[in-house]
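Letter by letter, the chains look like this.
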Amino acid sequence: MKSHRPSLSVTARALPVATRWRIASSVLLAAAACLAVGSARADESPDLQGKAVAGQVADVSSTAVGLAMGAAEANPLGILTLGVKAIAYKQIQEAPAVDQPAMWSAYGAFGWGAAANNVCVIAAIATGGAAAALCPLIGLATGMTTWSADEERRNRATFDAICDEQKRMNPNLICTYTPPAKS
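Notes on the structure follow. These numbers were taken from a predicted model, which means no experiment stands behind them.

### A few points about the state of the cysteines
The full count for this structure, using the stated rule, is two disulfides. Two residues share a disulfide in this structure: Cys 120 and Cys 135, whose sulfurs sit 2.1 Å from each other. Negative torsions about the S-S bond denote left-handed disulfides, and the value of about -75° found for Cys 120 with Cys 135 makes this one left-handed. One end of the pair, Cys 120, is in helix α4 (residues 100–126); the other, Cys 135, is in helix α5 (residues 135–149), and 15 residues separate them in sequence. A relative accessible area of 14% means that Cys 120 is categorised as buried. A relative accessible area of 0% means that Cys 135 is categorised as buried. Going through the protein in sequence order and numbering each bonded cysteine, the pairs you get are 1-2, 3-4.

So this is what it looks like as structure tokens:
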């Protein structure tokens with residue numbers, strides 16, 4: 001006689017609708033908390049690198065959750081993106097200091113945009129697929145918003161890098177950063 005073991009994997013569609021809504025609500029609440037903490041942290045520190053790395057971690061983590069819930073990886077590179085992320089990280093670190101602020105900001109915008117898309121997909125799976133088509137737009141909007149929100153930090157960090165470079169040639173140079181007037 002064979003012992004019958006029930007499968008431990010359960011797709012989200014097999015879950016009752018109320019459970020899917022609870023999961024979706026929890027995921028969205030967690031995402032909102034992460035964004036709130038990230039925004040508070042961003043206001044305290046102009047560290048573009050830290051924000052960029054956090055965005056990449058959010059992307060990888062939310063991808064793992066989505067895959068665990070039954071989502072299919074839409075990126076044709078799949079697991080290879082982990083290597084691409086590591087290579088990009090190293091390339092940014094080795095880039096000239098003047099170029100790094102824009103590069104870190106872009107790296108972060110891609111990570112946060114991908115994470116927002118993933119959280120949307122997770123919510124769509126948990127709710128039975130509702131609004132999944134909007135997820136890429138939500139990801140794109142999040143990435144663009146992240147890029148725009150970093151503008152002042154990018155400008156300041158680039159200015160500081162240029163000033164440091166110029167101070168090597170003229171140690172008496174005094175640099176004064178004046179943020180652009182808001183329109």
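On we go from here.
### Here we look at the packing of helix α2 (residues 48–68) against α4
Put simply, α2 and α4 touch, their axes get as near as 7 Å, and they point 25° apart. One element, α2, and the other, α4, form an angle in the roughly parallel class. Between α2 and α4 lies a crossing whose hand is left-handed. Among the residues forming the contact of α2 with α4, the class breakdown is 15 nonpolar, nine polar and two charged.

### Some words on a nonpolar patch on the surface
On the surface, a nonpolar cluster with roughly 550 Å² of combined accessible area is contributed by Val 60, Leu 77, Ile 79, Leu 80, Leu 82 and Val 84. Sorting elements by how many residues they give to the nonpolar patch places helix α3 (residues 80–94) first, with three residues. Looking at the secondary structure, you find Leu 80 in helix α3. By relative accessible area, which is 55% here, Leu 80 ends up exposed.

### Side note on α2
Helix length check: α2 (21 residues) gives 30 Å between terminal C-alpha atoms against 30 Å at 1.5 Å per residue, within 8%. Taken residue by residue, α2 has Leu 48, Gly 50, Lys 51, Ala 52, Gly 55, Gln 56, Ala 58, Asp 59, Ser 62, Thr 63 and Gly 66 as its buried positions. Gly 70 occupies a position one or two residues after α2 and carries a positive phi of about 110°.

### Looking at the packing of α3 against α4
Two measures define how a pair of helices packs: the angle their axes make with one another and the distance between the axes. For the pair α3 and α4, interaxial distance at closest approach is 9 Å and the crossing angle is 160°. Judged by the angle between their axes, α3 and α4 are roughly antiparallel. The element α3 and its partner α4 pack so that their crossing is left-handed. Packed against α3, whose contacting residues are Lys 85, Ala 88, Tyr 89, Ile 92, Gln 93 and Glu 94, the element α4 presents Gln 100, Met 103, Trp 104 and Tyr 107 at the interface. For the contact of α3 with α4, the residue count by class is six nonpolar, two polar and two charged.

Rules of the game
- Residues numbered from 1 in each chain as written.
- Predicted model: local features only at pLDDT ≥ 70, side-chain atom pairs only at ≥ 80, totals over all residues.
- Heavy atoms only, no water.
- Disulfide = S-S within 2.5 Å.
- Helix = DSSP H or I, 4+ residues; strand = E, 2+ residues; numbered from the N terminus.
- Buried < 20%, exposed > 50% of the residue type's maximum accessible area, 1.4 Å probe, protein only.
- Axes fitted to C-alpha atoms, helices over the stretch in contact; angles between N-to-C directions.
- Parallel < 35°, antiparallel > 145°, perpendicular 65-115°, else oblique.
- Left-handed = near helix turned anticlockwise from the far one by under 90°.
- Nonpolar A, V, L, I, M, F, W, Y, C, P; charged D, E, K, R; others polar.
- Patch = residues over 30% accessible without salt bridge, like charges linked within 9 Å, V, L, I, M, F, W, Y side chains within 5 Å.
- Areas by Shrake-Rupley, 256 points an atom, 1.4 Å probe, with all protein chains shown as cover.
- Salt bridge = Lys/Arg side-chain N within 4 Å of Asp/Glu carboxyl O.
- Expected span 1.5 Å × (residues − 1).
- Contact = heavy atoms within 4.5 Å.

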